[in-house]
Amino acid sequence: MPVLTKVQSRFQKERPLRGLRFSACLHVTAETANLVRTLKAGGAQVVLCASNPLSTQDDVAAALVVYEKIPVFAIKGEDRRTYYSHLRAALDHTPVITMDDGADLVSVIHKEQSQLAAAMIASMEETTTGVIRLRAMARAGALKIPVIAVNDASTKHLFDNRYGTGQSTIDGIIRATDILLAGKKVVAVGYGWCGKGVASRARGMGAKVIVTEVDPIRALEATMDGFEVMAMKEAARVGDLFITLTGDMHVIGREHFRLMKDGAVICNSGHFDIEIDLKALRQMALKEEKNVRHCVDAYTLPGGKKIYLLGEGRLINLAAAEGHPASVMDMSFATQALASEWAVKNRRRLGPQVYDVPNEVEDWVARLKLASMGIRIDRLTKEQETYLSSWDVGT
């Protein structure tokens, strides 16, 4: 992670986060460990909790505690009660900055511990689902703290969401099922940046990819990209593998389960486990078989057909695999660290709304990433800069 290492080196010298209390609610992985080590190098007092019950790498959590002396509240496979007790433990740190992946930490602050909001500088939000929730709070006038939409940064969603989710989702599915994608009909539910990444990687492995959408522009884009686009009711009849990537709830539900063929595989790569209507699936099932393979549960429906659910409907790339490769998280987490520094420097002029990551942060991260890859790009000449900023030069 060369870009984050560069940030860490500067933070070690300048200590821009000296004495500030951070509570981070993120997937506890090796890549995240490098982010919290960077924050600590900058002088922050950091605690970490999991943002998903199945995404924790226990060895990483233990190493952070033992070797870095960073408190971690996370256990892979923790139940809902333990998960929320860990969120509250992280907030006992009385943070002035939070980092969220799904807005759970900010949600608990607003619902249960609103007294923390007055002293908070900002929160960093890492994922699409979280940004959706926080923008809704801002529109409703319910947001009490400034939020930086790290997910919406180009150095995050164009790479992390598309290439990271694209690769790690397929990785998780293959690890869980040993499925051969070539020749299979794979249904990508949603064609945002994550959906685009999964669809392109599945096609690259020989799958016949179908896209379902509710957004006409995205549906048209998927069509122009060469994918078959149809409504979910149609896709449900023909799909072999279904992957939800929407950030919304119940995009695969009771009516779709009825239509699916015997042996259909369903999984989720959105943040929360609500994209598939799991309650409806369990109500319909005559029989539920847990762990027919690692991270695979079988549901027998009336008529004898089976539907296979991967990773309990949670993030398949972290439930069954290791999440995104470090080289793409390098950019996302460098952007996270620098956005935190920016929030600290600009704390006096930030109000309770959702802010984009500044362009100067994005440009710095992108240029350093290119340099780490040995890639050079051109620079505008003075003449070109003048032309682009003028209006009086024409034919």
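Everything quoted here is computed from the prediction, not taken from an experiment. Residue numbering note: each chain is counted from 1, following its sequence as written. In view of the model being predicted, local features appear only for residues whose pLDDT reaches at least 70, and side-chain atom pairs are presented and counted only at 80 or more, with totals across whole chains, interfaces and linings using the full set of residues. The basis for the side-chain values is all heavy atoms of the structure; hydrogens and waters are excluded.

## A look at the nonpolar core
At step 1: Take the buried Ala, Val, Leu, Ile, Met, Phe, Trp, Tyr and Cys residues and link them wherever side-chain atoms come within 4.5 Å; each set so joined is a nonpolar core. The rule is simple: take the accessible area with a 1.4 Å probe, protein chains only, and divide by the maximum for that residue type; under 20% is buried, over 50% is exposed, in between is partly exposed. Within the largest apolar cluster, 50 residues are counted, with the highest numbers of intra-cluster contacts made by Phe 22, Leu 39 and Met 124.
At step 2: By the criteria applied, helices consist of DSSP H or I runs no shorter than four residues and strands consist of E runs no shorter than two, each listed in order from the N terminus. Looking at this core, the element that brings in the most residues is helix H14 (residues 326-345), giving 11 residues.
At step 3: When near neighbours in sequence (up to four residues on either side) are disregarded, Met 124 contacts Ile 97, Thr 98, Met 99, Asp 100, Ile 148, Val 150, Gln 336, Ala 339, Ser 340 and Ala 343.
At step 4: Counting 27 residues, the second largest nonpolar core, distinct from the first, contains Val 211, Cys 295, Leu 310 and Ala 320. What makes two residues a contact is simply this: any of their non-hydrogen atoms within 4.5 Å.

## Considerations on the pattern of salt bridges
At step 1: A pair is scored as a salt bridge if a Lys or Arg side-chain nitrogen falls within 4 Å of a carboxyl oxygen belonging to Asp or Glu. Tallied over the full model, the rule gives 21 salt bridges.
At step 2: Where Arg 37 meets Glu 68, a salt bridge forms, and the shortest distance between an N and an O atom there is 3.0 Å. Here the residue Arg 37 occupies a position in helix H2 (residues 30-41), and Glu 68 occupies one in helix H3 (residues 58-68), the gap between them amounting to 31 residues.
At step 3: Exposure remark for Arg 37: the relative accessible area of 29% places this residue in the partly exposed category.
At step 4: Taking relative accessible area as the criterion, Glu 68 reaches 21% and is therefore assigned partly exposed.
At step 5: Across the pair Glu 322 and Arg 175 runs a salt bridge, and its minimum N-O distance is 3.3 Å. With Glu 322 in the loop between helix H13 (316-319) and H14 and Arg 175 in helix H7 (residues 154-177), the pair connects residues that are 147 residues apart, well separated along the chain.
At step 6: Several salt bridges share partner residues, and in doing so they unite Arg 10, Glu 14, Glu 341 and Lys 345 into one network.

## So, the sheet that holds strand E8 (residues 208-212)
In sheet architecture, strand pairing relies on hydrogen bonds along the backbone and comes in two forms, parallel and antiparallel.
At step 1: Here, a strand pair is defined by DSSP locating no fewer than two bridges between the strands. Here eight strands make up an open sheet; going across it, the order is E9-E8-E7-E10-E11-E14-E13-E12 and the pairing mixed. With one partner strand each, in any of the chains shown, strand E9 (228-229) and strand E12 (287-293) form the two edges of the open sheet.
At step 2: Examined bridge by bridge, strand E10 (residues 241-244) and strand E11 (residues 264-268) share four bridges and lie parallel to one another. Bridged to Phe 242 within E11 is Ile 266.

## Remarks on the side chain of Glu 275
At step 1: Along the chain, Glu 275 turns up in the loop between E11 and helix H12 (278-284).
At step 2: Of the side chains with opposite charge, Arg 218 comes closest to the buried, unpaired Glu 275, at an N-O distance of 10 Å.
At step 3: The definition of a polar contact used here is a pair of N or O atoms within 3.5 Å, where within protein one atom must be able to donate a hydrogen and the other to accept one, and adjacent residues in sequence count solely through side-chain atom pairs. Within polar-contact distance, the side chain of Glu 275 engages the side chain of Thr 246 at 2.9 Å.
At step 4: With sequence-adjacent residues up to four places away left out, Glu 275 is seen in contact with Thr 244, Leu 245, Thr 246, Gly 247, Asp 248, Met 249, His 250, Val 251, Ile 252, Asn 268 and Gly 270. Only four residue types enter the tally: Lys and Arg on the positive side, Asp and Glu on the negative side; His and the chain ends are excluded.

## Observations concerning the packing of helix H1 (residues 2-14) against H2
At step 1: Whenever a helix is involved, its axis is fitted only over the stretch in contact; in every case the axis is a line through C-alpha atoms, and angles between N-to-C directions fall within 0 to 180 degrees. For the pair H1 and H2, interaxial distance at closest approach is 8 Å and the crossing angle is 20°. One finds that H1 runs roughly parallel with respect to H2. Viewed along their axes, H1 and H2 form a crossing whose handedness is left-handed. Every residue of H2 that contacts H1 at Leu 4, Val 7, Gln 8, Phe 11 and Gln 12 is listed here: Asn 34, Leu 35, Arg 37, Thr 38 and Ala 41.
At step 2: Basically, the charged four are Asp, Glu, Lys and Arg, the nonpolar ten are Ala, Val, Leu, Ile, Met, Phe, Trp, Tyr, Cys and Pro, and anything else, Gly included, counts as polar. When grouped by side-chain class, the residues that make up the contact of H1 with H2 number five nonpolar, four polar and one charged. With respect to orientation, any angle under 35 degrees is reported as roughly parallel, any angle over 145 as roughly antiparallel, any angle of 65 to 115 as roughly perpendicular, and every other angle as oblique. When the near helix sits turned anticlockwise from the far one by under a right angle, the crossing is termed left-handed; a clockwise turn instead gives a right-handed crossing.

## Side note on the sheet that holds strand E15 (residues 354-355)
At step 1: Strands sit in the order E3-E2-E1-E4-E5-E6-E15 across an open sheet of seven strands; the sheet is parallel. In the strand order of this sheet, the two ends are held by strand E3 (72-73) and E15, each with one partner.
At step 2: Relative to E3, strand E2 (residues 45-50) runs parallel, the two sharing two bridges. Opposite Leu 48, over in E3, you have Val 72 as the bridge partner.
At step 3: Relative to strand E4 (residues 97-100), helix H5 (residues 104-112) is tilted by about 130°, and along the sheet it contacts strand E1 (21-26), E2, E4 and strand E5 (122-125).

## Quick word on the layout of surface pockets
At step 1: What the largest pocket holds in volume is close to 950 Å³.
At step 2: With a 1 Å grid laid over protein atoms only, a set of points is called a cavity when a 1.4 Å probe fits there but cannot get out and a pocket when it is open yet has protein on both sides within 12 Å along at least five of seven lines; lining residues have an atom within 4 Å of a point. Along the walls of the largest pocket sit 49 residues, with Thr 128, Cys 194, Leu 245, Thr 246 and Gly 247 positioned nearest its centre.
At step 3: When contributions to the lining of the largest pocket are tallied by element, the ones reaching two or more residues are H2, helix H6 (128-139), H7, helix H8 (193-204), H13 and H14.
At step 4: Take the lining of the largest pocket: its biggest share by element is five residues, from H7.
At step 5: By residue class, the composition of the lining of the largest pocket is 15 nonpolar, 22 polar and 12 charged.
At step 6: Grid points are joined across faces, edges and corners, and a volume is the space filled by probe spheres set on the points. Estimated volume of the second largest pocket: approximately 540 Å³.
At step 7: Contributions of two or more residues to the lining of the second largest pocket are made by helix H4 (80-91), H5 and H12.

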